Amino acid sequence: MNRDDTIYWIDQLLPAELNVGEDCVTADLGDGQTVAVTLGFADVDTGLVAVDEGIDVRSELIVVARADAADLTAVLRAAVGKLTAAGGILPAQPGTMLPQLIEVDSVGHALFVPPYLWGGETPRVTEPERLTVLLQLVMLTDSEYAYAVDEGPGALQQALGEAGIDLLDWTR
């Protein structure tokens, strides 16, 4: 997808007016929630291939929090930088962790998860040469990150859900 097609796709997914920047779009979702999505990260090959279709799997990254749009875009830019520098060694997929990504309030580490804003289905666009999906970045505290390292990302997600931890609150 080109930039305009990506903006159109994101605009169809988010129920808010988009603020389009150079490499990200942001939107106010109401109730203090802000969302940011990368523009063009799908051009970065992180080594994933859809086995059934035999095509590259690419992502646009999304983050949601009760934080300033500038903080969200800084987090996305840091993630893009880390994944790009990895040159395909670090896959952009659920379960991948990005330690010491950026310090924002009390969270500094990140975990990729399937996006939960749409209640199940991951938004995707299939083109002849690639599949592009949204991949959500969740920010973690030091203790949450340590738990994920010890017990695994799946166990962390379950524990956070059971404890009722508000992942949108970066001051937790």
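Right above here is the structure, for reference.
Below, the structure is looked at part by part.

Thresholds, definitions, all that
- Residues numbered from 1 in each chain as written.
- Predicted model: local features only at pLDDT ≥ 70, side-chain atom pairs only at ≥ 80, totals over all residues.
- Heavy atoms only, no water.
- Buried < 20%, exposed > 50% of the residue type's maximum accessible area, 1.4 Å probe, protein only.
- Helix = DSSP H or I, 4+ residues; strand = E, 2+ residues; numbered from the N terminus.
- Pairing = 2+ DSSP bridges.
- Core = buried A, V, L, I, M, F, W, Y, C linked by side-chain atoms within 4.5 Å.
- Contact = heavy atoms within 4.5 Å.

## What about the pairing of strand E7 (residues 109-113)?
Most of E7 is tucked away, with 5 of its 5 residues classed as buried. With burial as the criterion, each face of E7 is covered, one bearing His-109, Leu-111 and Val-113 and the other bearing Ala-110 and Phe-112. As paired elements, strand E6 (residues 97-98) and E7 share 2 bridges and run antiparallel to each other. Directly across from Met-97, in E7, lies its bridge partner Leu-111. With 5 bridges joining them, E7 and strand E9 (residues 130-140) adopt antiparallel strand pairing. When the sheet's bridge partners are listed, Phe-112 is paired in E9 with Leu-137.

## What to know about the nonpolar core
Inside soluble globular proteins, nonpolar side chains tend to come together where they are buried. Leu-61, Leu-98, Leu-101, Leu-137, Met-139 and Trp-170 are the most contacted members of the largest nonpolar core, which has 24 residues in total. Those elements that provide at least two residues to this core are strand E5 (55-65), helix H2 (69-85), E7 and E9. Examining the composition of this core, we find that 5 residues originate from one element, H2, more than from any other. With sequence-adjacent residues up to four places away left out, Trp-170 is seen in contact with Val-63, Ala-65, Ala-67, Asp-71, Leu-72, Val-75, Val-104, Asp-105, Ser-106, Val-107 and Met-139. Met-1, Trp-9, Ala-16 and Ile-62 belong to the second largest nonpolar core, which has 17 residues in total.

## Brief notes about the pairing of strand E2 (residues 24-30)
Pairing geometry for strand E1 (residues 19-20) and E2, over 2 bridges, is antiparallel. Considered in E2, the bridge of Asn-19 is made with Thr-26. Examined bridge by bridge, E2 and strand E3 (residues 33-38) share 6 bridges and lie antiparallel to one another. Paired with Val-25 across the two strands is Val-37, which belongs to E3. Between E2 and E3, which pair antiparallel in sequence order, lie 2 residues; one of them, Asp-31, sits at a positive phi of approximately 55°.

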